[in-house]
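# Architecture and fold: a report
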Amino acid sequence: MTRIRGALVAVVLTVLSGTTGCVVASTSSGSGPLIASAPEPQSAPAGGPEASAEEQVARAVFDRVNAEREARGLEPVAWNDALAAVGRDWSAEMADTGEFQHQDIHALVQGDELSGFRAVGENIFSATGPVPAGTIHAGWMRSDGHRANVLNPGWDRLGVGVFCAPDGSVWATQEFGRTAGSERPAVATTTPPAEPITRPDDDGPTC
């Protein structure tokens, strides 16, 4: 029987509270660098049959996020390679250690790896056996805190990193970002309603 887990965290430059299931750390003390240059939108991985299974799943999850946002009148998030690289590295790290936990997002948002971002939110997922992209997405959408990240009007970038482990387990990480100078609304502290879920089906590419 495949066992599924999901968790999330958000780190922003202002204090957040009240988002169900969301672990928040503030970087409003000014100890980290303020980033002046925002990264440009990038193209998501093609996700076609010639792509790796991990890229196919990542692209399918990315598309589902924007389908949900469009259905609720929200601006889409643009793909970001740096966020995706952070997400995939963390998915691989979790698979290697067997520890299902968040990385130090506070350090990431203050460092050089995600230069150009003022805030980052993270959703993580694992399953003991292969599951399609739709299962990953629907699992996040049915969880209040994860859905708050997926449907947060304050994010403007997203990277998805998937790792298909040799033992058959699947590990996935969503890294949401808010770029420096973004004109999006503030990162929300409320939880959007569960319904309607536009892409609830357990379908799509798998490991």
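The structure contained in this document is the topic of the report that follows. This is a predicted model, so every value here is computed, not measured.

## Focus: the overall build of the chain
Counting secondary structure elements, the chain contains 5 helices and 6 strands. Reading the secondary structure of the chain in the N-to-C direction produces β-β-α-β-α-α-β-α-α-β-β. Taking all 207 residues of the chain together, the buried fraction comes to 52%. Long-range pairs, those at least 24 residues apart, make up 76% of the contacts in the chain with a sequence separation of at least 6. A total accessible area of about 9000 Å² is found for the chain, and carbon and sulfur atoms account for 50% of it.

## With respect to the state of the cysteines
Within this structure, the stated rule accounts for 1 disulfide. A sulfur-sulfur distance of 1.9 Å marks the disulfide that ties Cys164 to Cys207. Here Cys164 and Cys207 share a disulfide; its torsion about the S-S bond, -70°, makes the bridge left-handed. You can see Cys164 sitting in strand 5 (residues 157-164) and its partner Cys207 sitting in the segment after strand 6 (170-179), a full 43 residues away along the chain.

## Regarding helix 2 (residues 81-97)
Over its 17 residues, helix 2 extends 24 Å from the first C-alpha to the last, a length consistent with the 24 Å expected when each residue adds 1.5 Å. Buried residues of helix 2: Leu83, Ala84, Val86, Gly87, Trp90, Ser91, Ala92, Met94 and Ala95, and no others. Where helix 2 is buried, its residues touch strand 3 (78-79), helix 3 (105-110), strand 4 (117-127), strand 5 and strand 6. The opening residue of helix 2, the one whose side-chain oxygen lies 3.1 Å from the backbone nitrogen of Ala82, is Asn80. Of the residues trailing helix 2, Gly98 is marked for its positive phi of about 75°.

## Re a negative patch on the surface
Taken together, the side chains of Asp89, Glu93, Asp96, Glu99 and Glu113 define an acidic patch exposed on the protein surface. Position of Glu113 among the secondary structure elements: in the loop between helix 3 and strand 4. The class for Glu113 is partly exposed, based on a relative accessible area of 47%.

## A look at the packing of helix 1 (residues 53-71) against helix 4 (residues 133-141)
One can describe the packing of helix 1 onto helix 4 by two numbers: an axis separation of 9 Å at closest approach and a directional angle of 40°. On the basis of their axis angle, the class for helix 1 and helix 4 is oblique. The crossing of helix 1 and helix 4 is right-handed. Of helix 4, the residues touching helix 1 (which contributes Val57, Ala60, Val61, Arg64, Val65 and Glu68) are Ala133, Gly134, Ile136, His137, Trp140 and Met141.

## Focus on the pairing of strand 6
Within a regular strand, the side chains alternate between the two sheet faces. Here strand 6 lies mainly inside the structure; 10 of its 10 residues are buried. Pairing of strand 4 with strand 6, which is carried by 10 bridges, proceeds in the antiparallel orientation. Paired with Phe117 across the bridge in strand 6 is Thr179. Taken together, the 8 bridges between strand 5 and strand 6 define a ladder with antiparallel strand orientation. Considered in strand 6, the bridge of Val160 is made with Gln174. Connecting strand 5 to the next strand, strand 6, in antiparallel fashion are 5 residues, including Gly168 with a positive phi near 95°.

Cut-offs and rules
- Residues numbered from 1 in each chain as written.
- Predicted model: local features only at pLDDT ≥ 70, side-chain atom pairs only at ≥ 80, totals over all residues.
- Heavy atoms only, no water.
- Helix = DSSP H or I, 4+ residues; strand = E, 2+ residues; numbered from the N terminus.
- Buried < 20%, exposed > 50% of the residue type's maximum accessible area, 1.4 Å probe, protein only.
- Contact = heavy atoms within 4.5 Å.
- Areas by Shrake-Rupley, 256 points an atom, 1.4 Å probe, with all protein chains shown as cover.
- Disulfide = S-S within 2.5 Å.
- Expected span 1.5 Å × (residues − 1).
- Polar contact = N/O pair within 3.5 Å; in protein donor to acceptor, adjacent residues only side chain to side chain.
- Patch = residues over 30% accessible without salt bridge, like charges linked within 9 Å, V, L, I, M, F, W, Y side chains within 5 Å.
- Salt bridge = Lys/Arg side-chain N within 4 Å of Asp/Glu carboxyl O.
- Lys, Arg positive; Asp, Glu negative; His and termini not counted.
- Charge placed at Lys NZ, Arg CZ, Asp CG, Glu CD.
- Axes fitted to C-alpha atoms, helices over the stretch in contact; angles between N-to-C directions.
- Parallel < 35°, antiparallel > 145°, perpendicular 65-115°, else oblique.
- Left-handed = near helix turned anticlockwise from the far one by under 90°.
- Pairing = 2+ DSSP bridges.

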